[in-house]
Amino acid sequence: MGQVNYRHLQNGSDIRGISLEGVQGQTPNLTASEAGPIGYGFITWLASKAGKKPADLRVTIGRDPRISGPGLCAAFIKGAAAAGAAVTDCGLATTPAMFMTTVFDAYASDGAVMISASHLPWNRNGFKFFDRDGGLQKEDITAILQTAEALDPLSAASTAGATSPQDEPPAKDTRLMTIYAAHLRRIITDKLGCQPESRVLAGLKIAVDAGNGSGGFFPSAVLAPLGADVSASKYLTPDGRFPNHIPNPENDEAIADLAQQVCAAHCDFGIIFDTDVDRCAAVDRQGHPINHDSIVALAACLIAGEHPGTTVVTDSITSDHLTDFLQEHLGLHHFRYRRGYKNVINKAQALNAEGIDCELAIETSGHAAIRENYFLDDGAYLATRIIVEAARLAGAGKTLDSLLDPLVLPKESREVRMDIHDERPRAFGDALLRDFAVWAEKQGLQIAKPNYEGVRLQFPSGWCLLRNSLHDPLMSLNMQSDKEGGTDAMAAMLKDFLGRYDALDTTAL
């Protein structure tokens, strides 16, 4: 057996770890030494799934601008070669573009790999995997890591490290982002009924914040050729140390930065991406954020006219006001499910398999997967659809924010994360949730049903949800209230119960 515990690198349906020295208390555990065996494991898994010999597989790999990316990429390719497969290096890319290599005729890949850790700090990195059916499932990642861990130390060493001079250099193909950008431009012109490459976006001023991630291509390669004014865009140059702000559509500072830019430059709206562009959010012309519930509502507006009455699957922390907007205003159905972008996508696909039309699966984090786009959580595709709608509205003398006028936003929204100090955190959390439901009923509190994650309580002016974290040894408490001081009142009430558990750190309450 190898010496590395590869199982600790699994993060749901992704792999994530620490790839660089430089942060106190964080020891690298995802380096070239681990990337090679992971490459070997992926090829082994993919060959079995595709029913092909490794040598017959077509596999692509790309990366975001993190400085650990090139080394991980070289080691992964070496590991794949040891398993018998050749991998084409697409260079700097986005996660959705890497999936599209399984679709585009220029690649026709059996599998694709993206090296990214999304919005996590500069010293971290990870792997995301796709085959032609979409993103891999949690159990697939487990199988890949089991294969990697099972390599004996000598075999693992032979698949790790940068490519040596005597090794045949990997095939490189840097056309991907050019092909992908043309694909997005074509979506815009097709949906607006215009000739290809027409200046259909002339008159729109759009600020794009790429956060120095992989999204810097979007304003220059997608919007400007169609006539949009993108002069107010920021942080487009890829820089794996992310010197300006965390590239994260959920980050308040990042949103505030874009909002200031939109207002100062008198833009029609702004778009912000995460590092690998599988998520996005927006800011309207007045600087108001379109994220969390608002990005869900906006995405639903984009598909409501084409698919009346369809179901929208969301994560568990959406508000009751959003449900009203989807169902009463748009005439759609809302299926509030669980946290985790893969969870909402899987549920949407399962509903369709049951004969229930579902066109949109979306998390409040900005992961949006639309059925017509392979149920791929693609931030650039969502941004493209938003821009199409903005152009339509502009032609009618309206603005993007007018779509969200009927959506009621809570006065207060708060999330509290509480560490669990127990050897079996998941079992501890599950037991606590059972006790919590019993306690709530004794208090005469209303428990929301149906509910698919944790325990959700309804209050006259809001709600709260207590749940286990997806991956970390902690519990999350989300609260929303329509009156000032409402979340503090909820927290005070709940602390009376939660404070009984010594293994739960309720300091943040």
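Look a little higher up for the structure.
Residue numbering note: each chain is counted from 1, following its sequence as written. The model is predicted, so local features are restricted to residues of pLDDT at least 70 and side-chain atom pairs to those at 80 or more, both for listing and for counting; the totals for chains, interfaces and linings are taken over all residues. Side-chain numbers come from the whole structure's heavy atoms, not from hydrogens or water.

Some thoughts on the state of the cysteines
Condition: By definition, disulfides here are pairs of cysteine sulfur atoms that lie within 2.5 Å.
Evaluated as defined, the whole model comprises 0 disulfides. Its sulfur unpaired, Cys73 is 9.1 Å from the next cysteine sulfur, which belongs to Cys90.

Details of the sheet that holds strand S9 (residues 206-209)
Quick reminder of the rule: What makes two strands pair is DSSP finding at least two bridges between them. Note on conventions: DSSP H or I runs of at least 4 residues are helices, E runs of at least 2 residues are strands, and numbering of each starts at the N terminus.
The strand order S9-S10-S11-S12 describes an open sheet built from 4 strands, whose pairing is mixed. Taken across any chain shown, the strands that pair with only one partner, and hence form the sheet edges, are S9 and strand S12 (289-290). Relative to strand S11 (residues 280-284), strand S10 (residues 269-273) is paired through 5 bridges, and the arrangement is antiparallel. From the neighbouring strand, Phe269 faces S11, where its bridge partner is Asp284.

What about unusual backbone geometry?
Worth spelling out the cut-off: In this scheme, a residue with accessible area under 20% of its type's maximum is buried, one over 50% is exposed, and one in between is partly exposed, where area comes from a 1.4 Å probe on protein chains only.
In this structure, the amide linkage connecting Lys449 to the following residue, Pro450, adopts the cis form with an omega of -5°. If you trace the backbone, Pro450 turns up in the loop between strand S19 (446-447) and strand S20 (455-459). One non-glycine residue, Ser118, lies in positive phi territory at about 55°. Within the secondary structure layout, Ser118 lies in the loop between strand S5 (111-115) and strand S6 (124-131). Given a relative accessible area of 3%, Ser118 falls into the buried group.

Overview of the pairing of strand S15 (residues 358-362)
Across the 5 residues of S15, 5 count as buried, placing the element largely inside the fold. Direction of pairing for S15 relative to strand S16 (residues 368-370): antiparallel, over a ladder of 3 bridges. Bridge pairing in S16 links Leu360 to Ile370. Taking the residues that link successive antiparallel strands as the turn, the S15-S16 hairpin has 5 residues, and the phi of Gly366 there is positive, at about 110°.

A closer look at the environment of Ser118
Note the following rule: When checking whether two residues touch, look at their non-hydrogen atoms; a contact exists if any pair is within 4.5 Å.
Sequence spacing of Ser118 and Ala93 is 25 residues, and the spatial spacing of their C-alpha atoms is 13 Å. Among all residues touching Ser118, those that are not within four sequence positions of it are Arg16, Arg66, Lys128, Asp274, Thr275, Asp276 and Arg279.

Side note on the side chain of Asp89
Counting through the fold element by element, Asp89 comes out in strand S4 (residues 87-92). If near-sequence neighbours (up to four positions away) are discounted, Asp89 is found in contact with Ile61, Cys73, Ile77, Ala171, Lys172 and Asp173.

So, the packing of helix H9 (residues 293-304) against helix H12 (residues 379-395)
Using the following cut-off: The axes are straight lines fitted to the C-alpha atoms, using for helices just the contacting stretch, and the angles between their N-to-C directions are given from 0 to 180°. Convention used here: angles under 35 degrees read as roughly parallel, angles over 145 as roughly antiparallel, angles from 65 to 115 as roughly perpendicular, and any remaining angle as oblique. By the definition used in this description, the sense in which the near helix is turned from the far one sets the handedness, with an anticlockwise turn below a right angle giving left-handed and a clockwise turn giving right-handed.
Two elements in contact, H9 and H12, have axes separated by 10 Å at closest approach and are oriented at 65°. Comparing their axes, H12 and H9 come out roughly perpendicular. For the crossing formed where H9 meets H12, the hand is left-handed. Contact with H9, carried on its side by Ile295, Leu298, Ala299 and Leu302, involves Leu382, Arg385, Ile386 and Glu389 of H12 and no other residues of that element.

Some thoughts on helix H14 (residues 486-498)
What counts, and what does not: Multiplying one less than the number of residues by 1.5 Å gives the expected span of a helix. When we speak of the arc, we mean the arc of directions from the helix axis to the C-beta atoms.
Compared with an ideal rise of 1.5 Å per residue, which puts 13 residues at 18 Å, H14 spans 18 Å between its outermost C-alpha atoms and is within 8% of the ideal. Burial in H14 covers these residues: Gly486, Thr487, Met490, Ala491, Leu494, Phe497 and Leu498. The buried residues of H14 occupy an angular sector of 125° when the element is viewed end-on, so they sit on one face. Within H14, the exposed residues directed more than 90 degrees away from the buried face are Ala492 and Asp496. Turning to H14, the residues buried within the fold contact strand S18 (412-419), helix H13 (425-442), S20, strand S21 (462-468) and strand S22 (474-481).

Points about the packing of aromatic side chains
We apply this condition: Ring pairs shown here join Phe, Tyr and Trp side chains whose ring centres sit within 6.5 Å, with only the six-membered ring taken for Trp; geometry is labelled stacked below 30 degrees between planes, edge-to-face above 60, and tilted in between. In our convention, an over-ring charge means Lys NZ or Arg CZ found within 6 Å of a ring centre and within 35 degrees of that ring's normal.
Evaluated as defined, the whole model comprises 19 aromatic pairs. Their ring planes at 35° and their centres at 6.3 Å tell us that Phe76 and Phe129 sit as a pair that is tilted. Residue Phe76 is found in helix H2 (residues 69-82), and its partner Phe129 is found in strand S6; the two are separated by 53 residues along the sequence. In terms of burial, Phe76 and Phe129 fall into one category: buried. Three or more aromatic residues joined by ring pairs form one cluster here, namely Phe42, Trp45, Phe76, Phe127 and Phe129. Directly above the aromatic system of Tyr107 lies the positively charged group of Arg175, at a separation of 5.4 Å from the ring centroid.

A look at the pattern of salt bridges
For clarity, the threshold we go by: Counted as salt bridges are all cases of a side-chain nitrogen of Lys or Arg within 4 Å of a carboxyl oxygen of Asp or Glu.
Tallying each qualifying case throughout the model produces 30 salt bridges. The partner of Asp133 in a salt bridge is Lys49, with the nearest N and O atoms 3.1 Å apart. On the criterion of sequence distance, the pair formed by Asp133 in the loop between S6 and strand S7 (134-135) and Lys49 in helix H1 (residues 32-50) is long-range, its members being 84 residues apart. For Asp133, a relative accessible area of 61% translates into the label exposed. Here Asp64 makes a salt bridge to Arg66, at a shortest N to O gap of 2.9 Å. Each member of the pair, Asp64 as well as Arg66, carries the same accessibility label: buried. The network of salt bridges with common partners includes Lys191, Glu306, Glu372 and Arg385.

A short note on the packing of H1 against helix H4 (residues 138-150)
Counted only if it meets this: Classification used: nonpolar for Ala, Val, Leu, Ile, Met, Phe, Trp, Tyr, Cys and Pro, charged for Asp, Glu, Lys and Arg, polar for all others including Gly.
One way to put it is that H1 packs onto H4 with a least axis distance of 8 Å and a crossing angle of 125°. Our classification of the angle between H1 and H4 gives oblique. Here H1 and H4 pass one another in a crossing that is right-handed. Residues Pro37, Ile38, Tyr40, Gly41, Phe42, Thr44 and Trp45 of H1 pack against Asp140, Ala143, Ile144, Leu145, Thr147 and Ala148 of H4. Here the contact of H1 with H4 is built from residues that sort into 9 nonpolar, 3 polar and 1 charged.

Section: the environment of Ala431
With respect to the secondary-structure elements, Ala431 resides in helix H13. Remark: the alpha-carbon pair of Ala431 and Asp357, spanning 74 residues in sequence, is separated by 36 Å.

Description of the sheet that holds strand S14 (residues 333-336)
Judged by pairing direction, the sheet is mixed, and its 5 strands sit side by side in the order S14-S13-S15-S16-S17 without closing on themselves. The open sheet terminates on both sides in strands that have one partner only, identified here as S14 and strand S17 (376-377). Relative to S15, helix H11 (residues 341-353) is tilted by about 170°, and along the sheet it contacts strand S13 (311-314), S14, S15, S16 and S17.

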